[in-house]
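For reference, the chains in residue letters:
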Amino acid sequence: MYKQLSSGVKISITRSISTSFEAYLASIGWDEEKFSMEDYMASWQTYFKENAAWIDKIPADILLSPEFHEEIAKKMDEVIAKILSEEPTEKQKKEIAELQKQLGTNYKFDCKAEAAYVEQLLKDKLK
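Residues numbered from 1 in each chain as written. Predicted model: local features only at pLDDT ≥ 70, side-chain atom pairs only at ≥ 80, totals over all residues. Heavy atoms only, no water.

Backbone geometry at Trp 30 places phi at a positive 55°, although glycine is not the residue there. Here Trp 30 shows up in the loop between helix 1 (7–27) and helix 2 (37–51). (Helix = DSSP H or I, 4+ residues; strand = E, 2+ residues; numbered from the N terminus.)

Put into structure tokens, the structure is as follows:
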């Protein structure tokens, strides 16, 4: 069912998963101890209902199909795994190191998305 969707709709679904996942992690400060898949799912549902145009482009019979939900869950796993495995860039590492030196902090980050969060957090502290 997911495969039958247009490439634009699939791209929009992927973007909504990644955007909402990163926003959810930012809301909990990228703290693994605070992570809840149930809370993330609620966050994602709110995000796509309020922000995603793709929801209106999928026929109701597909949206209600258990098979479609299984395929979306699989897609979510893939997108989340990709986010968490993407290495921070050298530029991010350098910028964060400089900011941490200025601020006397020692934030850890494991992936590119978390590095973006930490970098923004540090820039906000400098303001």
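Generally speaking, soluble globular proteins have nonpolar side chains that are buried together. Counting residues in hydrophobic clusters, the biggest one holds 26 residues, and the most contacted among them are Ile 13, Tyr 40, Trp 44, Trp 54 and Ile 58. Residue assignment for this core shows that the elements contributing at least two residues are helix 1, helix 2 and helix 4 (66–85). Excluding anything up to four places from it in sequence, Trp 44 contacts Ser 16, Ile 17, Ser 20, Trp 54, Ile 72 and Met 76. Core analysis: the second largest hydrophobic core is formed by six residues, Leu 99, Phe 109, Val 118 and Leu 122 among them. (Core = buried A, V, L, I, M, F, W, Y, C linked by side-chain atoms within 4.5 Å. Buried < 20%, exposed > 50% of the residue type's maximum accessible area, 1.4 Å probe, protein only. Contact = heavy atoms within 4.5 Å.)

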